[in-house]
Amino acid sequence: MSSIDSKSLRNTLGAFTTGVTVITTVDAEGRRFGVTANSFSSVSLDPPLVLWSQSTTSRSHPAFRDTGRFVVNILAVDQIAVSDRFARSGDDKFVGVDIDEGLDGLPIIRGAAAFLECRKVATYPGGDHVVFLGHVENMFRGERPPLAFRDGRYLTHLAHALAEV
Ligand SMILES: Cc1cc2nc3c(=O)[nH]c(=O)nc-3n(C[C@H](O)[C@H](O)[C@H](O)COP(=O)(O)O)c2cc1C
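The rules we used
Residues numbered from 1 in each chain as written. Predicted model: local features only at pLDDT ≥ 70, side-chain atom pairs only at ≥ 80, totals over all residues. Heavy atoms only, no water. Near = heavy atom within 4 Å. Polar contact = N/O pair within 3.5 Å; in protein donor to acceptor, adjacent residues only side chain to side chain. Helix = DSSP H or I, 4+ residues; strand = E, 2+ residues; numbered from the N terminus. Nonpolar A, V, L, I, M, F, W, Y, C, P; charged D, E, K, R; others polar. 1 Å grid on protein atoms, 1.4 Å probe; cavity = no way out; pocket = protein on both sides within 12 Å on 5 of 7 lines; lining within 4 Å. Points joined across faces, edges and corners; volume = space filled by probe spheres on them. Salt bridge = Lys/Arg side-chain N within 4 Å of Asp/Glu carboxyl O. Buried < 20%, exposed > 50% of the residue type's maximum accessible area, 1.4 Å probe, protein only. Contact = heavy atoms within 4.5 Å. Phe/Tyr/Trp six-rings, centres within 6.5 Å; stacked < 30°, edge-to-face > 60°. Pairing = 2+ DSSP bridges.

The chain is annotated in an unreviewed UniProt entry as Flavin reductase family protein of Paraburkholderia antibiotica.

Right, dumping it as C-alpha cells:
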C-alpha cells in the first residue's frame, strides 16, 4: 500500500505549471474523439517524439487505445471554453467547435496556439493511466499565446519581469 495519498499528490503536482491541450482522433467508423489533457510533454527531437497519458477509465480511452494516430492541439489563451468542453464526457463535444481535417481526417481545432499531428508508436502502462508515445509527422505554430494551467486554475502566460528580452 502506498503512503502517498491521491489528494496530497494532486495538490503537490498542482505546483507544476503546464499548458493545456486537447488530444483528438477518429475511430474506424469516422467518429471523432477529443479529450483535454495537460499530461502532454516533449520527449525527443530526433526522432521527433511527444507523449501524453490518459486515464483508463476515460470514456474515450478505447478510441485512443485503438487508433494509430492522434493530434495534440495546444490551446490558445482564449480557448478556456474549448478546454472545459473537452474535459467533460459526452457525445457532442465537437458540436459548434471549428475544426479542420488533418492527416487521415483527424480533427484539428481551429484557433489553437499550435498543433502536432502524430503517429502512435508506443503505449506504456502507467498505473491508472496509459502513456501514449507519438511520432510527430506534421506541425503548426501560430501567433496566438498559449493557455496555461496550475493548481486547478487557468492562467495566462506572461513573461517574467526579470526575463531577458
Ligand atoms: C486542464 C485539464 C487537464 C487534464 N488532463 C488530463 C490528462 O492529461 N489525462 C486524462 O486522462 N485526463 C485529463 N483531464 C480530464 C479529462 O479531460 C476528462 O476526464 C474528460 O472528461 C475525459 O473525456 P472522456 O471521458 O470523453 O474520455 C484533464 C482535465 C483538465 C480540465
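Draft legend 1. Inspection of the site of the ligand at higher detail. Neighbouring the ligand are 18 residues, the closest being Thr-36, Ser-39, Ser-55, Ser-60 and Ser-89. Contact between the ligand and Asn-38: a nitrogen atom at 3.0 Å from a main-chain N or O atom of the residue. Ser-39 places a side-chain nitrogen or oxygen 2.6 Å from an oxygen atom of the ligand. Secondary structure elements with two or more residues in the shell around the ligand: strand 3 (32–37) and strand 5 (49–55). Looking at side-chain class alone, the shell around the ligand contains five nonpolar, 10 polar and three charged residues.

Draft legend 2. How the structure looks around the layout of surface pockets. Approximately 340 Å³ is the volume attributed to the second largest pocket. Taken together, 19 residues make up the lining of the second largest pocket; nearest its centre are Phe-40, Val-50, Ile-74, Leu-116 and Met-139. Of all elements in the fold, only strand 4 (41–44), strand 5, strand 9 (114–126) and strand 10 (129–141) reach the threshold of two or more residues within the lining of the second largest pocket. In terms of residues, the lining of the second largest pocket owes the most to one element, strand 10, which gives four residues. Looking at the lining of the second largest pocket, its residues break down into 15 nonpolar, two polar and two charged.

Draft legend 3. Focus on the pattern of salt bridges. Following the criterion strictly, the structure yields 11 salt bridges and no others. Of the charged contacts in the structure, one is a salt bridge between Arg-69 and Glu-137, with a shortest N-O distance of 2.2 Å. Of this pair, Arg-69 sits in strand 6 (residues 69–74) while Glu-137 sits in strand 10, and the two are 68 residues apart along the sequence. On the basis of relative accessible area, Glu-137 is assigned to the partly exposed category, the value being 37%. Between Glu-137 and Arg-119 there is a salt bridge, with the nearest N and O atoms lying 2.8 Å from each other.

Draft legend 4. Examining the environment of Gly-68 more closely. Structurally, the position occupied by Gly-68 is in the loop between helix 2 (61–66) and strand 6. Discounting residues that sit within four places of it in the chain, Gly-68 has contacts with Cys-118, Arg-119 and Lys-120.

Draft legend 5. Looking closely at the packing of aromatic side chains. Summed over all chains, the structure comprises six aromatic pairs. Here the aromatic rings of Trp-52 and Phe-132 are separated by 5.3 Å at their centres, their planes lie at 45°, and the arrangement is tilted. With a gap of 80 residues between them, Trp-52 in strand 5 and Phe-132 in strand 10 connect regions that are remote in the sequence. A connected cluster of aromatic rings, assembled from ring pairs, spans Trp-52, Phe-64, Phe-70 and Phe-132.

Draft legend 6. Seen up close, the sheet that holds strand 12 (residues 153–155). The strand order across the open sheet formed by three strands is 1-11-12, and the pairing between neighbours is antiparallel. Each edge of the sheet is formed by a strand with only one pairing partner; in this case those strands are strand 1 (18–19) and strand 12. Here strand 1 runs beside strand 11 (residues 148–150); their pairing, made up of two bridges, is antiparallel. Its bridge partner lying in strand 11, Gly-19 is registered against Ala-148.

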